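One-letter residues, chain by chain:
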Amino acid sequence: MLDHGTAPPAAAAPATEGKRPGNPLLRRKPVELLVAEGGKGEGGTLRRTLGMWQLTMISIGATLGTGIFVVLGEAVPEAGPAVTISFVIAGLTALFSALAYAELAGTIPVAGSSYSYAYATLGEFIAWICGWCLILEYGVSVAAVAVGWGQYLNEFLDGTIGVTIPDAIAAPPGDGGYFNLPALIVVVLAMVLLLGGARESARANTIMVCVKMAALVLFCVIGFLGFKSGNYSDFMPMGTAGVSGAASTLFFSYIGFDAASTAGEEAKNPKRDLPRAIMLSLVIVTALYVLVAVVAIGARPWKEFEGSEAALAGIMKDVTGQSFWATLLAACAVIAIASVVLTVLYGQTRILFAMSRDGLVPKTFAKVSTRTKTPVVNTVIVSLFCGVLAAAIPLGELANATSIGTLFAFALVNVAVVVLRYTRPGMHRTFRVPFGWVIPVLGFLSCGYLMWNLPGITWQYFGGWMAVGLVIYFGYGIRRSRLATATETASAEK
């Protein structure tokens, strides 16, 4: 629940906060220090320009896109018409974690999102793991979204000028091509917008979000004209296992709602606006997802979704018998998916900004431009990495890898809520998760359940990613951590 009262003075940090002698892996960063450092980078400070509307649009922009425009075609063959239930399951899992995010975002309004929350509650080692998962979540999802963008771009080009980009340069290896050039292009375009400043990119995102919401409403209106109840006759052909597997895949569709929390150091009133933006965006997105899924299944037999990465445009064409509506939807999808690339890429850069400021990754990621007040070098490095990834790896593997990293990070956020309530019960919170510890526990368990249902190959990728992260942490981060150097300095002075 939201607390509209006047904020009392922050409770004093325990004397042992941030100091866990004997075990550097458990050292915590005081909440007060996290908040005090807000916006400060190497050579400059981020500018606070974002209000609740912009934060909500960032969250919707990062969430509403590939999940419904592209991944729907991957999930329907797994669950059949019961994919609508899969969306609800994934949405409930996201809701539990969104409530946890809302409480922590209003209490610790910083750029690091769940990484910073873990640093303040669970210790540096768990924070590193969480941050490493976020790099997987944001970085790989940018690539996955960019792959889907190319599919709709081809639909648009085919409907307007009658040509398409050849598979050789429009699909990654394994999907019939050699290099996905459109995916690289959309990431570079997003990079250019981000380099212009947070306020400017937020304005562009707001326009794109409005376009894609209008496009989905239009799809529902036209798709309903071709609705056939018989398409729901065999509702759960793959059983509960199919529904659960599809829910795990579709959770990829919900990962963006936490993007608003990465803007904590560029929000005008983060303690008030972040919780509201997170919850409002999740409600809007879930309602649209379920509605579009219901209409899509009603308008096309579920078996015909196999291999379709631009399913909604195809349904529009089938229902109307005209290519105009499909082309219009494809044009809107090109804009819609581009906004996901923009906002998720933004979140990735801010996660690395926070980790760099803490010394766990090189300082270059925390350098702020004195002109645009943005981490320019950080943005360029991350964009080029994500662009190359998008150009070289198929969508399905990217979506699943993103889901497992996200679920792991979300599970830690639920734990962090419980820990912070126990260690800092007197701290003022502008939003509190209702029903005490029940919701965080349900959030943790639901995240674990969806992780369990992901394919074995995804777990292998995740294990490899974690192994690389541990090498980096023990080879670099544990010694370069600002908490470590501060402790060494204090010991030397004594």
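Caption draft 1: Structural detail: the overall build of the chain. A count of helical and extended segments in the chain gives 19 helices and 2 strands. The contacts of the chain with a sequence gap of at least 6 include a subset with a gap of at least 24, amounting to 83%. When the accessible surface of the chain is split by element, carbon and sulfur atoms take 68% of a total near 18,300 Å².

Caption draft 2: Examining the confidence of the model for the chain more closely. In this model, the chain carries an average pLDDT of 79, and 87% of its residues clear a pLDDT of 70 or more. Scored below 50 in pLDDT, residues 1-22 shows 34 contacts in the model against residues more than four places distant or in partner chains.

Caption draft 3: Summary view of the environment of Val413. Relative to the assigned elements, Val413 resides in helix 16 (residues 395-423). Residue classification places Val413 among the buried residues on the basis of a relative accessible area of 2%. The spatial distance from the C-alpha of Val413 to the C-alpha of Ala100 is 6.5 Å, given a sequence separation of 313 residues. Excluding anything up to four places from it in sequence, Val413 contacts Ala100, Tyr101, Leu104, Ser114 and Tyr117.

Caption draft 4: Inspection of the side chain of Thr84 at higher detail. Structurally, Thr84 can be placed in helix 5 (residues 83-107). Residue classification places Thr84 among the buried residues on the basis of a relative accessible area of 10%. There is a polar contact of 3.3 Å between the side chain of Thr84 and the backbone oxygen of Pro81. In this structure, Thr84 is in contact with Tyr232, Phe235, Ala293 and Val294, ignoring residues within four places of it in sequence.

Caption draft 5: Expanded view of the packing of helix 4 (residues 72-79) against helix 5. Look at helix 4 against helix 5: their axes get within 9 Å of each other, and the N-to-C directions meet at 115°. Classified by the angle their axes make, helix 4 and helix 5 are roughly perpendicular. Between helix 4 and helix 5, the contacting residues are Leu72, Ala75, Val76 and Ala79 on the first element and Val83, Ser86 and Phe87 on the second. Class assignment of the residues belonging to the contact of helix 4 with helix 5 gives a composition of 6 nonpolar, 1 polar and no charged.

Caption draft 6: Focus on helix 5. The end-to-end C-alpha distance of helix 5, which contains 25 residues, comes to 36 Å, matching closely the 36 Å that a straight helix rising 1.5 Å per residue would cover. A large share of helix 5 lies buried, amounting to 20 of its 25 residues.

Caption draft 7: Broad picture of a positive patch on the surface. A surface patch of positive charge is lined by Arg47, Arg199, Arg203 and Lys268. With respect to the element layout, Arg199 can be found in helix 10 (residues 198-225). Assessed through its relative accessible area of 37%, Arg199 is described here as partly exposed.

Caption draft 8: Examining the side chain of Thr107 more closely. Turning to its location among the elements, Thr107 is positioned in helix 5. For Thr107, a relative accessible area of 2% corresponds to the buried category. A distance of 2.7 Å separates a polar atom in the side chain of Thr107 from the backbone oxygen of Glu103. If sequence neighbours within four positions are ignored, Thr107 has contacts with Val31, Val35, Lys271, Leu420, Met427, His428 and Arg429.

Caption draft 9: Molecular detail of the packing of aromatic side chains. Throughout the structure, instances matching the rule amount to 15 aromatic pairs. Taken together, a centroid distance of 5.4 Å and an interplanar angle of 40° make the contact between Phe87 and Tyr289 tilted. Taken together, the residues Phe87 in helix 5 and Tyr289 in helix 12 (residues 270-299) connect sequence positions 202 residues apart. Overall, the relative accessible area of 0% leaves Phe87 in the buried class. Their ring planes at 70° and their centres at 6.1 Å tell us that Tyr101 and Tyr117 sit as a pair that is edge-to-face. Highlighted residues: Tyr101 in helix 5 and Tyr117 in helix 6 (residues 114-121), separated in sequence by 16 residues. The residues Tyr101 and Tyr117 share a single accessibility class, namely buried.

Caption draft 10: Spotlight on helix 17 (residues 438-452). With 15 residues, helix 17 should reach 21 Å at 1.5 Å per residue; the first-to-last C-alpha distance of 21 Å fits that figure. Those residues of helix 17 that sit buried are Ile439, Pro440, Gly443, Ser446, Cys447, Leu450 and Met451. All buried residues of helix 17 project into a common sector of 140° when viewed along the axis, lining one side. Away from the buried face of helix 17 by more than 90 degrees, exposed residues Leu445 and Trp452 are located.

Caption draft 11: Inspection of the pattern of salt bridges at higher detail. Scanning the model with the defined rule gives 5 salt bridges in all. In this structure, Arg421 engages Glu103 in a salt bridge whose closest nitrogen and oxygen atoms are separated by 2.7 Å. With Arg421 in helix 16 and Glu103 in helix 5, this pair connects stretches of sequence that are 318 residues apart. Given the relative accessible area of 11%, Arg421 is considered buried. The partner of Asp273 in a salt bridge is Arg272, and the shortest N-O contact between them spans 2.7 Å. You can call Arg272 partly exposed: its relative accessible area is 40%. Overlapping salt bridges, with partners in common, bring together Glu103, Arg421 and Arg429 in one network.

Caption draft 12: Highlighting the packing of helix 7 (residues 124-160) against helix 15 (residues 376-392). Between helix 7 and helix 15, the shortest axis-to-axis distance is 8 Å and the interhelical angle comes to 50°. Considering the angle they form, helix 7 stands oblique to helix 15. Crossing angle aside, the handedness with which helix 7 passes helix 15 is right-handed. Between helix 7 and helix 15, the contacting residues are Gly139, Val140, Val142, Ala143, Ala146 and Val147 on the first element and Cys386, Leu389 and Ala390 on the second. The residue inventory of the contact of helix 7 with helix 15, partitioned by class, reads 8 nonpolar, 1 polar and no charged.

Conventions used here
As a convention, each chain's residues are numbered from 1 in the sequence order in which they are written. Residues qualify for local features only when their pLDDT is at least 70, as the model is predicted, and side-chain atom pairs are given and counted only at 80 or more; totals for whole chains, interfaces and linings, by contrast, use all residues. Note that the side-chain values use all heavy atoms of the structure and ignore hydrogens as well as water. Under the DSSP-based scheme used, a helix requires at least four consecutive residues in state H or I and a strand at least two consecutive residues in state E, with every element numbered from the N terminus. Working rule for contacts: check all heavy atoms of both residues, and any pair within 4.5 Å makes them a contact. Each accessible area value is a Shrake-Rupley result obtained with a 1.4 Å probe; residue values ignore everything except the protein chains displayed when judging cover. By definition, pLDDT measures how confident the predictor is in each residue, and it falls between 0 and 100. Note on exposure labels: buried denotes an accessible area under 20% of the residue type's maximum, exposed denotes more than 50%, and partly exposed covers the range between, all computed with a 1.4 Å probe on protein chains only. Whenever a nitrogen or oxygen atom comes within 3.5 Å of another N or O atom, the pair is scored as a polar contact, on the condition that within protein one atom can donate a hydrogen and the other can accept it, and that pairs from neighbouring residues in sequence are kept only if both atoms are in side chains. A fitted line through C-alpha atoms serves as each axis, taken over the contacting stretch for helices, and the angle formed by two N-to-C directions is quoted from 0 to 180°. To sort the angles, those under 35 degrees are grouped as roughly parallel, those over 145 as roughly antiparallel, those from 65 to 115 as roughly perpendicular, and the leftovers as oblique. In this classification, Asp, Glu, Lys and Arg are treated as charged, Ala, Val, Leu, Ile, Met, Phe, Trp, Tyr, Cys and Pro as nonpolar, and every other residue, Gly included, as polar. A helix is expected to span 1.5 Å multiplied by its residue count minus one. Patch definition: residues above 30% relative accessible area lacking any salt bridge, with like charges linked at up to 9 Å and the nonpolar side chains Val, Leu, Ile, Met, Phe, Trp and Tyr linked at up to 5 Å. Salt bridges are defined as contacts in which a side-chain nitrogen from Lys or Arg sits within 4 Å of a carboxyl oxygen from Asp or Glu. For the purpose of counting charges, residues Lys and Arg are taken to be positive, whereas Asp and Glu are taken to be negative. His and the chain ends are not included. Charged side chains are reduced to one point each, which is NZ for Lys, CZ for Arg, CG for Asp and CD for Glu. Here a pair means two rings of Phe, Tyr or Trp (six-membered ring of Trp) with centres within 6.5 Å. Their orientation is stacked below 30 degrees between planes, edge-to-face above 60, and tilted elsewhere. To obtain the arc, one takes the directions from the helix axis to the C-beta atoms. For any helix crossing, the convention is left-handed if the near helix is rotated counterclockwise from the far helix by under a right angle, and right-handed if that rotation is clockwise.

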